[in-house]
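Listed below are the residues making up each chain.
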Amino acid sequence: GAGVSQSPSNKVTEKGKDVELRCDPISGHTALYWYRQRLGQGLEFLIYFQGNSAPDKSGLPSDRFSAERTGESVSTLTIQRTQQEDSAVYLCASSLGTNNEQFFGPGTRLTVL
Amino acid sequence: AQSVTQLGSHVSVSEGALVLLRCNYSSSVPPYLFWYVQYPNQGLQLLLKYTSAATLVKGINGFEAEFKKSETSFHLTKPSAHMSDAAEYFCAVSGPSGTYKYIFGTGTRLKVLA
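A. Looking closely at the sheet that holds strand E1 (residues 3-7) of chain B. All names here are of chain B. One open sheet accounts for five strands, arranged E1-E3-E8-E7-E6; its pairing is antiparallel. Sheet topology places E1 and strand E6 (56-58) at the edges, where each strand pairs with a single neighbour. Between one strand and the next, the sheet's axes are offset by a mean angle of 20°, whatever the strand orientation. Strand direction decides the pairing type here: strand E7 (residues 64-68) and strand E8 (residues 73-78), joined by five bridges, are antiparallel.

Pasting the structure below:
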């Protein structure tokens, strides 16, 4: 497709379970970003990938959160031992380069019961 | 450190009326500023951006914003609201040279009344 896609669109899980969220960036975009959007709050930066450089993980809230990206393609955000406070919309974005406009996907709404 | 404040989490306007969504920022360096719109169940879409060129920035769908350094503001306006403008709007700031760590405001949900 032409835009950033994310899957699943909705995920309901039980506290303590692991979840994986997927992001397919726009083809050719070297930069990829993950954000978290809690109810009533702005977007929080989580992690940034640029090409083959080491990712910037400075926004990850705890060691239960991790993300991977293979080359300049798909990225997976993994949350281990989910907690209720992890409930949020997780947004992925990609851009041609670091200083270019970020294009956002529709997000994955995660609900932890 | 950069920060963004959006005044009013909900704004209602009548169709045809002026839209004004407020954004104030804090930045220790000349900022890049953005307005994004989010329609239900969709990702964020860039409306417009300020990158230190003209202080009055025109965006898509008839929106514009003016960078006022003295007031540290970047308010979003549209002369005449349309029903299709109903959405959530986010102001964001980034650091010098367009650093990728955008800082977003908490958003303003715009409701347009018939």
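B. Looking closely at the packing of aromatic side chains. Applying the stated criterion to the full structure yields 15 aromatic pairs over all chains. Their ring planes at 85° and their centres at 5.6 Å tell us that Tyr35 of chain A and Phe104 of chain B sit as a pair that is edge-to-face. Placement of the pair is Tyr35 of chain A in strand E4 (residues 31-37) and Phe104 of chain B in strand E10 (residues 103-104), with the two residues belonging to separate chains. Both residues of the pair, Tyr35 of chain A and Phe104 of chain B, belong to the buried class. With a centroid separation of 6.4 Å and an interplanar angle of 35°, the aromatic rings of Phe34 of chain B and Tyr36 of chain B are classed as tilted. Each member of the pair, Phe34 of chain B together with Tyr36 of chain B, is buried.

C. Broad picture of the environment of Thr108 of chain A. All names here are of chain A. If you trace the backbone, Thr108 turns up in strand E10 (residues 108-112). On the accessibility criterion, Thr108 (0% relative accessible area) is buried. Through-space distance from the C-alpha of Thr108 to that of Gly16 is 19 Å; in sequence the pair is 92 residues apart. In this view, Thr108 contacts Gln6, Ser7, Pro8, Ser9, Lys11, Leu21, Ala88, Val89 and Tyr90; residues no more than four positions away in its chain are not counted.

D. Spatial organisation of the nonpolar core. Formed by 27 residues in total, the largest nonpolar core has its most connected members in Trp35, Leu48, Phe74, Leu76 and Tyr89 of chain B. Mapped by element, the contributors of at least two residues to this core are strand E2 (10-14), strand E3 (19-26), strand E4 (32-38), strand E5 (44-50), E7, E8, strand E9 (87-94) and strand E11 (108-113) of chain B. Among all residues touching Phe74 of chain B, those that are not within four sequence positions of it are Cys23, Leu33, Phe34, Trp35, Leu48, Tyr50, Val57, Ala65, Glu66 and Phe67 of chain B. Judged by nonpolar contacts, the second largest core, of 20 residues, contains Val19, Leu60, Ala67 and Leu110 of chain A.

E. Region of interest: the layout of surface pockets. By volume, the largest pocket is sized at about 640 Å³. Those elements that place two or more of their residues in the lining of the largest pocket are strand E8 (88-95) and E10 of chain A together with E9 of chain B. Take the lining of the largest pocket: its biggest share by element is four residues, from E10 of chain A. A per-class count over the lining of the largest pocket returns eight nonpolar, 16 polar and four charged.

F. Up close: the pairing of E8 of chain A. All names here are of chain A. Of all eight residues in E8, eight are buried; the element is thus mostly enclosed. Here E8 shows no split at all, with Ala88, Tyr90, Cys92 and Ser94 on one side and Val89, Leu91, Ala93 and Ser95 on the other all buried. Pairing geometry for E4 and E8, over seven bridges, is antiparallel. Pairing of Gln37 across the sheet is with Val89, part of E8. Note: E8 against E10, three bridges, orientation antiparallel. Bridge assignment links Ala88 to a residue of E10, and that residue is Leu110. Relative to strand E9 (residues 103-104), E8 is paired through two bridges, and the arrangement is antiparallel. Across the sheet, Ala93 pairs through a bridge with Phe104, a residue of E9.

G. Local environment of the sheet that holds strand E6 (residues 65-69) of chain A. Residues and elements named next belong to chain A. Pairing is antiparallel across the open sheet formed by four strands, whose spatial order is E1-E3-E7-E6. Two strands close off the open sheet at either side, each with one partner strand: strand E1 (5-7) and E6. Taken pair by pair, the neighbouring strands of this sheet meet at an average axis angle of 15°, ignoring direction. Both E1 and strand E3 (residues 19-24) contribute to a ladder of three bridges, which runs antiparallel. Its bridge partner being in E3, Gln6 is matched across the sheet by Cys23.

Rules used in this analysis
Residues numbered from 1 in each chain as written. Chains lettered and ligands numbered in written order. Predicted model: local features only at pLDDT ≥ 70, side-chain atom pairs only at ≥ 80, totals over all residues. Heavy atoms only, no water. Pairing = 2+ DSSP bridges. Helix = DSSP H or I, 4+ residues; strand = E, 2+ residues; numbered from the N terminus. Axes fitted to C-alpha atoms, helices over the stretch in contact; angles between N-to-C directions. Phe/Tyr/Trp six-rings, centres within 6.5 Å; stacked < 30°, edge-to-face > 60°. Buried < 20%, exposed > 50% of the residue type's maximum accessible area, 1.4 Å probe, protein only. Contact = heavy atoms within 4.5 Å. Core = buried A, V, L, I, M, F, W, Y, C linked by side-chain atoms within 4.5 Å. 1 Å grid on protein atoms, 1.4 Å probe; cavity = no way out; pocket = protein on both sides within 12 Å on 5 of 7 lines; lining within 4 Å. Points joined across faces, edges and corners; volume = space filled by probe spheres on them. Nonpolar A, V, L, I, M, F, W, Y, C, P; charged D, E, K, R; others polar.

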